[in-house]
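Residue-level structure breakdown
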Amino acid sequence: AGQAPPLVPAHAPRTLNPHARHCVMATGPEAAAGAASAMTRDGLTNPMGGANGKSEIAEEAEEEIKCCVNIGAGILKDIRRRAPLYMDDWRQGMTFPDIFAPATYIFFASLLPALTFGEQFRVQTEGQFSIPHIVCATAMGGFIQSMSGGQPLLIVGIAGPVVMLYQYLFNYCKQQDDLGVELFRPFCSWVLIWCALMHFALALVNASEYIHAFTRFAGETFGSLIGLLFFQAAMNGLTLEFEDPPNAPVAYRTINGIWSIFLAVMYVLLAVWLMQARRWHVGRAWFRAFVADYGATIAVVIVTCLSYAVKEPADVSDWEIPSRVACKQVYDPAVTASWRTVGKLKDVPSLQVGVALIPALIITVLFFFDHNVSSQLAQTEDFNLKKPPAYHYDFFLVGVITLIMGLCGMPPPNGAIPQSPMHTRSLMGVGQDRRDTSKADVVLENRVSNVIQSLLVGLCMFISPVIRLMPRAVLWGYFIFMAIQSFPGNQFVHRVTLFVMDIGSLRKGETQPAYVELVPMSDTLKFTALQLAALSVVYGVTWAGIYGISFPLFIMALVPLRQFVIIKMFPASSLRHLDSAEDVEEVFEKDQEHADHTSDAFSGGGVGAASFVQHRHQVLQHDLEKLRDDERAATAAVVVAAAAVAANGGGSK
């Protein structure tokens, strides 16, 4: 899910080092791409971290963790590093009232996806799960992570792929005579019990050490897939407005559908426009910042009020225009029945308990990728965090949360994108002297903000009458909004445009990713074509009926594909720029040969890719040329050295 830009603006660009690694923090599912390769092997790049003042580099040398070696060593290492900092996490957060700003900001960023996915759950599972279940799972998972997690900055919530997986599980149960709808929730509980055990096993064998293999290739493909699924869900929802309720007159359903499309489009345009408030010249700076930060939420309120401009006739009580969110009270019997799911576990046939192993494996693979990427995003080197990560322990904790959700009859939350990096960025400068610019980038590493937002989400379980005022069209519009945010800032999307882009039309001052100049165009287009093929395969699998549940396996298969196959198809120099965390942009210092200025008077900073990107690292043309010359010299030196070794008859590597 994606919503608003960060509460605190991105920090000023640092002095350029063309060889340094820089990561772009984006605000949509595409953020998975940048995080996938943004970190070092253990995810910590700040050498001054650690409670005892010892550098992390030295600590890594003393205690290197390897996958499938020394059972539980990764978890124990994380506990040893984070336990001494636990009380400091609480002390850091006691900066009242400043802490309420990032806490409320991330609260709205967590609540809107929970409401949207909750309504999607209700539609796709015929009410077996709905908004109260998703809100409760989000609140419980967030509270456990903030109280017991190794990295308290990590935000957890229900992810879009989980909704899709549960739809497959629901359809499967409906088709089985020994399950049916009545045993859908108990069957899901068995799935989560198996899933939790697999989480424990992976955490104990230090599997999180494998996250160093996650690169942009898999991350951006996953982000693009999520964007497509968001848009698909929005289209399905808006189509439903023309069909629901089925016993209503055709005229009613047509008016309801058209009005819903109008409200959804209005929400998207309004939310995007409000997010540009920092560029306005109306109002004080604090007002513009407030509107930009909470633009998505403000748009919900405005469009909800607008929805009452068209209503059903006064003598009609069975239907309403537009269709509104169906949200039961948390104490409604249809909701509380799920809390007693554990008592029905024994009713699931033994054969189906064994079958539950298959979806459990798929969810585990999904969470291993999604949760670790979310955790990386919350701790990228741009944030310059002082405290160490806890990948192994946090993944173990996700297993605990998954087990609790299974026993309570609720869907499982995991690391949320983009809420996790949004949370970290919103804490930059909090509790610091705002007049001291050197402290504007200091992140307040605490547990209090996560606790507050989790409690606020939990309180929303008791405001169902307010939630029911919202038209469903707002939620479908929010899906479109998230889909829009999933593409800008995604290098893969930009590379696709190179098939039709005229590079020569760029003008002075405009930017272009540096890989356009540093990588042969044939390599760029071939790499992009492979990624398009991978995305097509994974997206096609989601349409394969019950077999579509396996799509996370295909996502995970992209990691070894990149690691063992693609690496042999391209020069290392090309992969270094196409598949790394570095996002360097070339700034053109003069017009290109096809540059056109005839419409300059009508151009302006509006809505587009750049409006969603928070921070990019830019380099002038002559700096890029120097970097290119350095690379050529280095390549030539390697060739000369190899020739010398060959002339001497081999020798040691």
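Heads up: the structure comes first, above all this text.
In this report, we go over the structure that sits alongside the text. The model shown is predicted, which means the values in this text are computed figures rather than measured ones.

In terms of regular secondary structure, the chain is built from 27 helices and five strands. Every one of the 653 residues in the chain was classed for burial, and the buried ones make up 56%. For the chain, long-range pairs separated by at least 24 residues make up 83% of all intrachain contacts whose partners lie at least 6 apart in sequence. When the accessible surface of the chain is totalled, it reaches about 26800 Å², and 65% of it is carbon and sulfur.

The subject of this paragraph is the layout of surface pockets. As a volume, the second largest pocket reaches approximately 610 Å³. Every residue lining the second largest pocket is counted, 29 residues in all, and those nearest its centre are Q120, Q124, Q167, Q232 and N236. At nine residues, helix 7 (residues 160–175) tops the list of elements feeding residues into the lining of the second largest pocket. Looking at side-chain class alone, the lining of the second largest pocket contains 16 nonpolar, 10 polar and three charged residues.

Moving on, we come to the packing of helix 5 (residues 100–124) against helix 17 (residues 419–426). Running from amino to carboxyl end, helix 5 crosses helix 17 at an angle of 170 degrees, the nearest separation of the two axes being 9 Å. For the element pair helix 5 / helix 17, the angle class is roughly antiparallel. Helix-helix and strand crossings are classified by hand; for helix 5 and helix 17 the assignment is right-handed. Every residue of helix 17 that contacts helix 5 at P102, Y105, I106, A109, S110 and P113 is listed here: Q419, M422, H423 and S426. Partitioning the contact of helix 5 with helix 17 into residue classes produces six nonpolar, four polar and no charged.

Once that is clear, we can look at the side chain of Q128. Within the secondary structure layout, Q128 lies in the loop between helix 5 and helix 6 (131–148). Not counting residues up to four positions away in its chain, the partners in contact with Q128 are H133, F170, V181, F184 and R185.

So, about the side chain of Q453. Turning to its location among the elements, Q453 is positioned in helix 18 (residues 448–459). By relative accessible area, which is 3% here, Q453 ends up buried. A distance of 3.2 Å separates the side chain of Q453 from the side chain of S454, its partner in a polar contact.

Turning to the environment of P418, a few remarks are in order. Relative to the assigned elements, P418 resides in the loop between strand 2 (414–415) and helix 17. When the C-alpha atoms of P418 and S110 are compared, they prove to be 9.6 Å apart, with 308 residues separating the residues in sequence.

Moving on to the packing of aromatic side chains. Geometry of an aromatic ring pair is reported as the spacing of the ring centres plus the angle between the planes. Using the criterion set out here, one finds 33 aromatic pairs in the structure. Plain terms: the ring middles of F129 and F184 are 5.7 Å apart, the flat faces sit at 70 degrees to each other, and that makes the pair edge-to-face. Note that F129 is positioned in the loop between helix 5 and helix 6 and F184 in helix 8 (residues 184–204), a separation of 55 residues in sequence. Comparing F129 with F184 shows no difference in burial state: the two are buried. Measuring from centroid to centroid gives 4.8 Å for F200 and F396, while their planes differ by 35 degrees, and the two rings are tilted. Residue F200 is located in helix 8, and its partner F396 is located in helix 16 (residues 391–408); the two are separated by 196 residues in the primary sequence. Members of the aromatic cluster, connected to one another through ring pairs, are Y210, F214, F222, F368, F369 and F395. The ring of F570 carries K526 above its face, with NZ or CZ at 4.8 Å from the centroid.

Procedures and definitions
Residues numbered from 1 in each chain as written. Predicted model: local features only at pLDDT ≥ 70, side-chain atom pairs only at ≥ 80, totals over all residues. Heavy atoms only, no water. Helix = DSSP H or I, 4+ residues; strand = E, 2+ residues; numbered from the N terminus. Buried < 20%, exposed > 50% of the residue type's maximum accessible area, 1.4 Å probe, protein only. Contact = heavy atoms within 4.5 Å. Areas by Shrake-Rupley, 256 points an atom, 1.4 Å probe, with all protein chains shown as cover. 1 Å grid on protein atoms, 1.4 Å probe; cavity = no way out; pocket = protein on both sides within 12 Å on 5 of 7 lines; lining within 4 Å. Points joined across faces, edges and corners; volume = space filled by probe spheres on them. Nonpolar A, V, L, I, M, F, W, Y, C, P; charged D, E, K, R; others polar. Axes fitted to C-alpha atoms, helices over the stretch in contact; angles between N-to-C directions. Parallel < 35°, antiparallel > 145°, perpendicular 65-115°, else oblique. Left-handed = near helix turned anticlockwise from the far one by under 90°. Polar contact = N/O pair within 3.5 Å; in protein donor to acceptor, adjacent residues only side chain to side chain. Phe/Tyr/Trp six-rings, centres within 6.5 Å; stacked < 30°, edge-to-face > 60°. Lys NZ or Arg CZ within 6 Å of the ring centre and 35° of its normal.

So yeah, pure geometry; function would need other evidence.
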